[in-house]
Protein chains: 2
Amino acid sequence: MNKIITIGRECGSGGRSIAQKLAGALSIPFYDRKLIEMAANETGLSEEFVQQAEEKTGSLLYNLYFSSRNLPLSDQVFIAQSKVIRQLADQGPCVIVGRCSDYVLRGRQDCVHIFIHAPAALREARVIRDYGVIESAAAAFVQKQDRRRAAYYNHFADGRWGDSRNYDLSLNSRLGENAVLRILLGAVKEEVPQ
Amino acid sequence: MNKIITIGRECGSGGRSIAQKLAGALSIPFYDRKLIEMAANETGLSEEFVQQAEEKTGSLLYNLYFSSRNLPLSDQVFIAQSKVIRQLADQGPCVIVGRCSDYVLRGRQDCVHIFIHAPAALREARVIRDYGVIESAAAAFVQKQDRRRAAYYNHFADGRWGDSRNYDLSLNSRLGENAVLRILLGAVKEEVPQ
């Protein structure tokens, strides 16, 4: 297995946990929030700053306020993160979660792009169980997270977040974490014809 | 394996051929255009009539002209086809291609819903090779077919055609037909937790 694996996921789908276990099973590095820190170091922006930019992507005022350089801060952060993603991919096989990494690495032949989703009821149950979200707030929590991810993706990438055509393989995690892992392990070991 | 498998696919993705081979490998029936004939028998509409309705879904005048019953003809055909799909599913494991079958059978626990797509270049090459479409017309041919499929799906189903969240497993057939078949065979054999 000599591939870069990118994984996008719905909130509460268990995609992050699946990504981590996939990386473990393949003995390759796993990158997630670290990317933000690396990107921040790259641009000289503090981590806090980068997180703020992320949470406010799309806020015109915020972008205007911070657009003392040529581009809005959110774009600067995206560009810096994209650079980091490409550097990580150049270092060899790994699993990268989120950050439009499928889009950033599109066109490279050594990648497999994956999206993990799940029915709303399962996702809500997961955020209640794993993130301590109270039951009455679970539906809104999941929807808000996904709106943010969709907005981020749809702003920077082309194609719509969650559209199967952006990915090589999309999976409903209702199949169960172990089943999803078995399917993914089978899939990433397939050679892609050139 | 005790499942109903539905397969949606982009034009030229090879999804139909994959569906046929999957049914063969699992020794279960494969249903495609036959559905239209069965639906036509069911409603007493001629096959020609049903095909016309399909090609003209969304044509207001056509629907008004033929809405001598309570519903537009295209809706009558859809309802009849949905009934056939449910009857086929009730008969036992099978592979059903297209006709919004994922949507029609949504909620049944014994189904696996699959979508097959591929990059434009591969799809165009396939329709040139397999359907005898001339090279200069291939892009338009593929786009027109897919617009029709999307319009049909988006009209009758909820969710957007090709959105990963409508399916359990979406696959890019650039992985190659044999690889896709191996992945699907592995996936459909997984037990879905209740």
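Residues numbered from 1 in each chain as written. Chains lettered and ligands numbered in written order. Predicted model: local features only at pLDDT ≥ 70, side-chain atom pairs only at ≥ 80, totals over all residues. Heavy atoms only, no water.

## Quick look at the confidence of the model for chain A
Right, so step 1: Chain-level statistics for chain A give a pLDDT mean of 85 and a share of 80% at 70 or above.
Right, so step 2: Complex prediction metrics read pTM 0.87 and ipTM 0.85. (pLDDT = per-residue confidence, 0-100.)

## Notes on the sheet that holds strand β1 (residues 4–9) of chain B
Right, so step 1: What the 10 strands build is an open sheet, ordered β2(A)-β3(A)-β1(A)-β4(A)-β5(A)-β5(B)-β4(B)-β1(B)-β3(B)-β2(B); its pairing is mixed. Of all strands in the sheet, those bounded by a partner on one side alone are β2 (30–31) of chain A together with β2 (30–31) of chain B.
Right, so step 2: Pairing geometry for strand β4 (residues 111–117) of chain B and strand β5 (residues 169–172) of chain B, over four bridges, is parallel. Among the inter-strand pairings, B:Ile114 is bridged to a residue of β5(B), identified as B:Leu169. (Pairing = 2+ DSSP bridges. Helix = DSSP H or I, 4+ residues; strand = E, 2+ residues; numbered from the N terminus.)

## Points about the interface of chain A and chain B
Right, so step 1: At the junction of the two partners, chain A supplies 28 residues and chain B supplies 28 residues.
Right, so step 2: Summing the contributions of chain A and of chain B, the shared interface buries around 2,400 Å²; its carbon and sulfur component is 47%.
Right, so step 3: Viewed at the interface, chain B and chain A are joined by six salt bridges.
Right, so step 4: Summed over the shared surface of chain A and chain B, the number is 19 residue pairs in polar contact (both at pLDDT 80 or more).
Right, so step 5: Looking at the side of chain A that touches chain B, the elements with two or more residues in it are β4 (111–117), β5 (169–172) and α9 (177–188) of chain A.
Right, so step 6: The residue inventory of the side of chain A that touches chain B, partitioned by class, reads 12 nonpolar, seven polar and nine charged.
Right, so step 7: Taken together, the three bridges between β5(A) and β5(B) define a ladder with antiparallel strand orientation. Note on β5(B): the bridge partner recorded for A:Leu171 is B:Leu169. (Contact = heavy atoms within 4.5 Å. Buried area = accessible area lost by both parts, 1.4 Å probe. Salt bridge = Lys/Arg side-chain N within 4 Å of Asp/Glu carboxyl O. Polar contact = N/O pair within 3.5 Å; in protein donor to acceptor, adjacent residues only side chain to side chain. Nonpolar A, V, L, I, M, F, W, Y, C, P; charged D, E, K, R; others polar.)

## Quick word on helix α8 (residues 138–156) of chain A
Residues and elements named next belong to chain A.
Right, so step 1: With 19 residues, α8 should reach 27 Å at 1.5 Å per residue; the first-to-last C-alpha distance of 27 Å fits that figure.
Right, so step 2: Considered for burial, the residues of α8 that qualify are Ala-138, Val-142, Asp-146, Ala-150, Tyr-152, Tyr-153 and Phe-156. Buried residues of α8 fall within an arc of 160° about the axis and therefore sit on the same side.
Right, so step 3: Lining the buried residues of α8 we find α5 (73–91), α6 (101–104) and α7 (120–131). (Expected span 1.5 Å × (residues − 1). Buried < 20%, exposed > 50% of the residue type's maximum accessible area, 1.4 Å probe, protein only. Arc of directions from axis to C-beta.)

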